[in-house]
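Given next are the chains, with one letter for each unit.
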Amino acid sequence: RLLDVTIIPVRGEDGEVAAVLAIARDIGDVERAATAAAGNEALVRMAARMAGFAGWSVDIPTGRIEWSEDLYRLLGMEPGRVPSDAESLALFEPEDRKAVREAFQRSVVDGVPLDVRATMVDAAGRRIHAHLVGETERDENGDVVRLHGAFHDVTALVRHREEQRAMARLLRSSLDQVH
């Protein structure tokens, strides 16, 4: 058993310890619950990493951006260095920056959920197809104070769909030649 023990000396009129009061609480259930929660959290982190998910948040009043360690890893960047708004936007392909900026602005101004797909370039120059989703957090006045969400690397899915379209075109071309 895992116990939390508190020992309290009981003093007599002369100030000497006349007795000792001990209180013991079984905290094994608490410890087991904490261990189970840590195990579940590890499973969620592993599943997110395998599926290409990562987290991010933006504190609206300060403009402070936070990325999960998995987002740094997905983008091939050194963890810990917090990117500025401009640096984050510069990761997107030029033709996608306007849509990304407008989607974030709609979320911050109107409080609508963020949902945008765009192509990025990671630190090694690799193109990443990303799906960004997010939701707002409001203060007691109803003002949007935080935007937080998920980054999903959908590169493999996009490539798979492109291959399927190419195979369909090839099949149609072959069938046209036969007829």
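Residues numbered from 1 in each chain as written. Predicted model: local features only at pLDDT ≥ 70, side-chain atom pairs only at ≥ 80, totals over all residues. Heavy atoms only, no water.

Turning next to a positive patch on the surface. A contiguous patch of positive charge, built from Arg117, Arg161, Arg165, Arg169 and Arg172, is present on the exposed surface. Among the elements that line the positive patch, the one with the most residues is helix H5 (residues 155–178), at four residues. (Patch = residues over 30% accessible without salt bridge, like charges linked within 9 Å, V, L, I, M, F, W, Y side chains within 5 Å. Areas by Shrake-Rupley, 256 points an atom, 1.4 Å probe, with all protein chains shown as cover. Salt bridge = Lys/Arg side-chain N within 4 Å of Asp/Glu carboxyl O. Lys, Arg positive; Asp, Glu negative; His and termini not counted. Charge placed at Lys NZ, Arg CZ, Asp CG, Glu CD. Helix = DSSP H or I, 4+ residues; strand = E, 2+ residues; numbered from the N terminus.)

Next up on the list: the sheet that holds strand E3 (residues 53–59). Pairing is antiparallel in the open sheet, where five strands are placed in the order E4-E3-E7-E6-E5. If you trace the sheet from one side to the other, it starts and ends with strand E4 (64–67) and strand E5 (114–121), each paired once. Averaged over all pairs of adjacent strands, the angle between their axes in this sheet comes to 25°, without regard to strand direction. Across eight bridges, the pairing between E5 and strand E6 (residues 127–138) is antiparallel. (Pairing = 2+ DSSP bridges. Axes fitted to C-alpha atoms, helices over the stretch in contact; angles between N-to-C directions.)

The tally for this structure, following the rule as stated, stands at two aromatic pairs. A ring pair is formed by Trp56 and Phe104, whose centres lie 5.5 Å apart and whose planes are at 50°; its orientation type is tilted. With a gap of 48 residues between them, Trp56 in strand E3 and Phe104 in helix H4 (residues 94–110) connect regions that are remote in the sequence. Given the relative accessible area of 8%, Trp56 is considered buried. Since its relative accessible area comes to 22%, Phe104 is described here as partly exposed. (Phe/Tyr/Trp six-rings, centres within 6.5 Å; stacked < 30°, edge-to-face > 60°. Buried < 20%, exposed > 50% of the residue type's maximum accessible area, 1.4 Å probe, protein only.)

Sheet topology places E3 next to strand E7 (residues 144–153); seven bridges connect them, and they run antiparallel. Counterpart to Trp56 in the pairing with E7 is Gly149. With four bridges connecting them, E3 and E4 associate as antiparallel partners. Counterpart to Asp59 in the pairing with E4 is Arg64.

By themselves, these observations are geometric and do not establish any function.
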